[in-house]
Structure formats: C-alpha cells, structure tokens
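# A look at the structure
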Amino acid sequence: MCAKIDPSTVEYPTMWTKEFQVFGTQSVNRQQQEMIDSSAKILQQIKERPTFLFATPEDKMLGLTQLVVDNHKVDTVTKWLADQNVDFAPVPPEDVLKETKKGLAVFNLVNSSILPKTLESMTKKFGAVIESSTEYQQLVSSLATRPQFLKPPEQTAQSPLNQSITPLLSTNPSTPDISNSTKTEPIIVEKLPTVTIDDLRNWYNAAEKLGKSENYKKRIVEVANGFKAGEQLSAEALTVMNKDTFELEAISRLTQIAQRIGMVWGKSNENGTQVQGKIYDLAFNTQQKDLTILQKNGEVILNLQSGQVQTNKLTSQILQTFEDVNTQIDKIIMKNENQELEIHG
C-alpha cells in the first residue's frame, strides 16, 4: 500500500495529552493486538526484498551469475559469500539504478568458485537462476520503490530545495542547533579502478594460456574494441579479467613453489616427484612440465598436463598457504647454511 498525505491538510491539537496520562498505563485492547499480530507478517513482506539469481547470455559466457539481494542484507551476504569461498564483486549502485531504487543490491558471482552443494542450497532457497531478461525486469519492477540517498550531504545541501526562503535549518543563534538530530547516511560508491588497453591485452593473453574457448577470447576482443571506442569497462568484465589474470599468476607462482617443495620433501621415481603434505599432495614432472595439486580428500586444485590447465577453487587463501610453506623452506635453507658455516669455521 502507498499513501500520500498533503502536509497542508494536517491539523494539530493546541494541547497534547498522552494516553498513559489519562488511563495511568498505556494498553492495547485484544482486538487491536489481534490486528497488529495478523498484519505483522504482510508488513514484513512489504518491507523486505526477495533474493534471486539472474544471468544473461553474456554473463553465462563470462562465467558469472548475479545475486540480487535486499540492500539491508549486504553485510550479511558479503560475510556468507566469503565464508563459502565464493569469488564475488559488488556492482556499484549507479550501475544498477533501477535495482537501487527498489532497495536491491547486486553481486557478481564467479561460477567456477561456487561448490555444487553451495549452488544447490542457493537455488533451493532463492529459486532457479532467471535467464530471461524480461522476467527479471518484471520482477524488479513489481517491487515497491525504497527511498535511497545517492548524493553526499554536501551535494544535497546545494539543491534548490535547501535554497528556499524557508530554509530547513534556522540561522537564528537563539534557536537550538538541530543539524545533528537526524543524519542521512549516503550510499558509499566505490569507483572502478583505472583500466588500460594493456590490461585488456594481458587479459587476452591470460585467457589464451588458460585454455579458454574461442568464443571466450572473442568476447574479450569485443570488450577491448568497445573500450577503445570510449565505452567504460563493466563491473562484470572487470571481475572476470581480474580472476583470469590472478589465476594465471597463481599457477605460475604455485609451479615455482611446488618445485622448491619437491627439492626439500619430495620423493622421486620414474614418474616424477611426489610430496605427501598435511593439507595438500603434490605430483610433478619437471621434464614434461606437469603439475598436480590435490587436497587430502583427492579433490584436484590445480592440474597442469601437457600445457592444458585445469583449476578448481584456486583461491588467494590456497596461494597464501603455499607462500607460507615457501617461507619455511627459506628458513630451512638459511639454517642449513648457518650450520655449514659452523662446521667449516
């Protein structure tokens, strides 16, 4: 329900009398309470926005799914996605103005980082991924508009409304200052980082080395051509570009660290070198440049065979774990060098 009241028609009593001053205690009769209780559920549904999943054909090509949530739940959703090790990027509110006006926030999720059981629980709770743009737009349009404050207070203060003859705040020194009685919190909008044509060229090279499909690389070329024509890189494209470049850098770094690990703890045979760790197992062949990293449960994290790359849940946390092991190797080497100096000294 949406109601609009003309302020000029509101009449106020000359004297205010509170209910408890007349009856001693403020109470609600049983009929009123029943009406309040019965309306609570529908009022909550009106205020709260649904959560749903959406993906355009372009999103599917880039390996993305959009998660659309109530903007009051952004912090909760952000924490949950991080706990599930899902790679995601919030879409700036000004890029999704229609959703923002409806009180919604949009996240871009990287499909390859979503575990099957996580995706199953999401679709079970929020419904199947919406693939029709028409259906998605109708769903967003059906929601009531929620007031948003996109401009900082400094800009709002300069609006024509505040320049009225009837200022919002009194300038009379004898009048108490009420400027801090109500605060409007603006939505903080993060600006996209600066992107150059070299970044897009590196993205294409990374996609090629990662063995991406021809359609995938063709889409990167289209994005690059649009960028050169003056189009701004979308948040979706930026998310995928960062993921691909990170993945290639991670693979290169993990390969270097894996060889060092094999030198210290590896056991070699005719098939190459194997390392049994507490969390991960390694197997690599230096001559063939093959490398496999597995979790102890047998799940493959990285498989590099004959130039073909297969990755699964290759996160910054995994890379940091191997960096920590690399630091341990540095300490071991330093300790051995010190012992050798003591012996020869």
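The structure reproduced in this document is the subject of the present report. (Residues numbered from 1 in each chain as written. Predicted model: local features only at pLDDT ≥ 70, side-chain atom pairs only at ≥ 80, totals over all residues. Heavy atoms only, no water.)

## Some thoughts on a nonpolar patch on the surface
Together, Met 263, Val 264, Trp 265 and Ile 332 make up a nonpolar patch on the protein surface, roughly 390 Å² of accessible area in all. With three residues, helix H11 (residues 235–265) is the single largest residue contributor to the nonpolar patch. Here Val 264 shows up in helix H11. (Patch = residues over 30% accessible without salt bridge, like charges linked within 9 Å, V, L, I, M, F, W, Y side chains within 5 Å. Areas by Shrake-Rupley, 256 points an atom, 1.4 Å probe, with all protein chains shown as cover. Salt bridge = Lys/Arg side-chain N within 4 Å of Asp/Glu carboxyl O. Helix = DSSP H or I, 4+ residues; strand = E, 2+ residues; numbered from the N terminus.)

## Section: the side chain of Thr 273
With respect to the helices and strands, the residue Thr 273 is situated in strand E6 (residues 272–276). Within the local environment of Thr 273, its side chain forms a polar contact with the side chain of Ser 268, the two groups lying 3.2 Å apart. Once residues within four sequence positions are removed from consideration, Thr 273 is found in contact with Gly 262, Gly 266, Lys 267, Ser 268, Leu 282, Ala 283 and Phe 284. (Polar contact = N/O pair within 3.5 Å; in protein donor to acceptor, adjacent residues only side chain to side chain. Contact = heavy atoms within 4.5 Å.)

## Some thoughts on the nonpolar core
Residues Leu 254, Ile 261, Leu 282, Leu 291, Ile 293, Leu 314 and Phe 322 are the most contacted members of the largest nonpolar core, which totals 21 residues. Mapped onto this core, the elements with two or more residues apiece are H11, strand E7 (280–285), strand E8 (290–295), strand E9 (300–305) and helix H12 (316–344). In terms of residue count, the dominant contributor to this core is H11 (six residues). Residues contacting Leu 254, with those up to four places away along its chain left out, are Leu 291, Ile 293, Leu 302, Leu 314, Leu 319 and Phe 322. If you look at the next biggest cluster of nonpolar residues, it comprises 16 residues, including Leu 64, Val 110, Val 195 and Tyr 216. (Core = buried A, V, L, I, M, F, W, Y, C linked by side-chain atoms within 4.5 Å. Buried < 20%, exposed > 50% of the residue type's maximum accessible area, 1.4 Å probe, protein only.)

## Remarks on the environment of Ile 318
As for its placement among the helices and strands, Ile 318 is situated in helix H12. We classify Ile 318 as buried; its relative accessible area is 7%. For the pair Ile 318 and Leu 254, spaced 64 residues apart in sequence, the C-alpha to C-alpha distance is 9.5 Å. Among residues more than four places away in sequence, those in contact with Ile 318 are Tyr 280, Ile 301 and Lys 313.

## Side note on the sheet that holds strand E1 (residues 52–54)
Adjacent strands of a sheet pair through backbone hydrogen bonds, lying either parallel or antiparallel. Spatial ordering of the open sheet is given by E1-E2-E4-E3, a layout of four strands whose pairing is antiparallel. In this open sheet, the two edge strands, each paired with only one partner strand, are E1 and strand E3 (88–90). Each strand axis lies, on average, 30 degrees off the axis of its neighbour in the sheet, ignoring direction. For E3 and strand E4 (residues 104–110), the ladder comprises three bridges, and the chain directions are antiparallel. Looking at E4, one finds that Ala 89 is bridged to Asn 108. Sheet contacts for helix H6 (residues 116–126): E1, strand E2 (64–70) and E4; angle to E1, the most-contacted strand, approximately 115 degrees. (Pairing = 2+ DSSP bridges. Axes fitted to C-alpha atoms, helices over the stretch in contact; angles between N-to-C directions.)

## A look at helix H10 (residues 214–228)
Taking 1.5 Å as the rise per residue, H10 with 15 residues should run 21 Å; its terminal C-alpha atoms sit 21 Å apart, in good agreement. Looking at the buried positions of H10, the neighbouring elements they touch are helix H3 (57–62), helix H9 (197–209) and H11. One or two positions beyond H10, positive phi appears at Gly 230, with a value near 105 degrees. (Expected span 1.5 Å × (residues − 1).)

## Some details on the pattern of salt bridges
Counting across every chain of the model gives ten salt bridges. The shortest N-O distance in the salt bridge between Asp 83 and Lys 79 comes to 3.1 Å. One end of the pair, Asp 83, and the other, Lys 79, are both in helix H4 (residues 74–83), four residues apart, so they sit about a helical turn from each other. Accessibility expressed as a relative area gives 56% for Lys 79, which makes it exposed. For the salt bridge of Glu 208 with Lys 217, the shortest nitrogen-to-oxygen distance reads 4.0 Å. We classify Glu 208 as partly exposed; its relative accessible area is 44%. When its relative accessible area of 7% is taken as the criterion, Lys 217 is described as buried. Put simply, Glu 208, Glu 214 and Lys 217 are held in one network by salt bridges that share partners.

## Description of the pairing of E9
Of the pairings in the sheet, the one linking E8 to E9 comprises four bridges and is antiparallel in character. For Ile 293, the partnering residue across the bridge sits in E9 and is Leu 302. Note that E9 and strand E10 (residues 308–311) share four bridges and pair antiparallel. Directly across from Leu 304, in E10, lies its bridge partner Val 309.

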